[in-house]
Amino acid sequence: WVLVTGASGGEGVFLVQLAKLRKARVVALASPEKHEALRALGADVCLPRSPENLPKALEAATGRPHVDAVADVVGGSLFPALLDVLRPGGAYVTSGAIAGPKVDLDLRDLYLRNLTLRSSGLVPPEVLRRLVRYVEEGRLSPVVAGAWPLERLPEAQAAFLEKRHVGKLVVYHLPEALEPYRG
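Structural notes, computed from the coordinates. Quick caveat, the model's predicted, so the values are computed rather than measured.

Focus: the environment of Asp72
With respect to the element layout, Asp72 can be found in strand 4 (residues 67-72). In the structure, Asp72 is positioned 69 residues away from Leu3 in sequence and 8.0 Å away in space, judged by C-alpha atoms. Here the side chain of Asp72 touches Gly75 through a polar contact of 3.1 Å, landing on its backbone nitrogen.

Regarding the pattern of salt bridges
Under the defined criterion, the tally for this structure stands at 9 salt bridges. The residue Glu162 makes a salt bridge to Arg164 at a minimum N-O spacing of 4.0 Å. For Arg164, a relative accessible area of 66% gives the class exposed.

Here's the deal with the nonpolar core
Counting 20 residues, the largest nonpolar core has Leu3, Leu54 and Val67 as its most contacted members. Within the residue set of this core, elements represented by two or more residues are strand 2 (26-29), strand 3 (45-47), helix 3 (54-62), strand 4, helix 4 (79-84) and strand 5 (86-94). Once residues within four sequence positions are removed from consideration, Leu3 is found in contact with Val27, Leu29, Leu54, Val67, Ala69, Val70, Ala71, Leu82 and Val85.

Notes on the pairing of strand 4
Strand 4 sits mainly inside the fold: 5 of its 6 residues count as buried. Bridge analysis of strand 1 (residues 2-4) against strand 4 gives 3 bridges, and the strand direction is parallel. Within strand 4, the residue paired with Leu3 across the bridge is Val70. Examined bridge by bridge, strand 4 and strand 5 share 5 bridges and lie parallel to one another. Paired with Ala71 across the strands is Val93, a residue of strand 5. Regarding the hand of the β-α-β motif, the stretch spanning strand 4, helix 4 and strand 5 is right-handed.

Examining the side chain of Thr5
For Thr5, the position within the fold is in the loop between strand 1 and helix 1 (10-21). Note on Thr5: relative accessible area 2%, which makes it buried. Of the polar contacts made by the side chain of Thr5, one reaches the backbone nitrogen of Val73; its length is 2.9 Å. Those residues within four positions of Thr5 in sequence are excluded, and the remaining contacts are Leu29, Ala71, Asp72, Val73, Val74 and Leu82.

What counts and how
- Residues numbered from 1 in each chain as written.
- Predicted model: local features only at pLDDT ≥ 70, side-chain atom pairs only at ≥ 80, totals over all residues.
- Heavy atoms only, no water.
- Helix = DSSP H or I, 4+ residues; strand = E, 2+ residues; numbered from the N terminus.
- Polar contact = N/O pair within 3.5 Å; in protein donor to acceptor, adjacent residues only side chain to side chain.
- Salt bridge = Lys/Arg side-chain N within 4 Å of Asp/Glu carboxyl O.
- Buried < 20%, exposed > 50% of the residue type's maximum accessible area, 1.4 Å probe, protein only.
- Core = buried A, V, L, I, M, F, W, Y, C linked by side-chain atoms within 4.5 Å.
- Contact = heavy atoms within 4.5 Å.
- Pairing = 2+ DSSP bridges.
- Right-handed = clockwise from strand over helix to strand, strands pointing away.

As structure tokens, this is what we get:
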């Protein structure tokens, strides 16, 4: 079981698909209005992006109190709850901190439960090549929620701040650069 935070964003939708490709069961955290789209991408369970009591919500939805891994692109105040739902020996991976880079960490959570913390900001070239191959083979699909030419950047920023989209918002300079993603 893999829990993905920020599951409706550009990285999140990729993480949901990648976890499914790896045969994992996926718990996606996102706004309720985005749950249907995430289920279509493979999420097995969808929960609100900041549940009041994550361990309780997780167990109610899955029958399990823990997940094997957390893929977190959000950070911030949810961090302690994310560690709480990791099984002993579980892994936490981060590649972003949109809700804030500073988190509360009790080191006993790490060493008493034998948790692994990892970052994925810099991926080795062979991993990037494998991801590109998965996209080329149609096993992973980038989800482009909207695209704007550079001269319409304020519109793109407004759409980003509305947070109604599922996937990545793209701002481009050359229209032909976007052709592979149209349709």
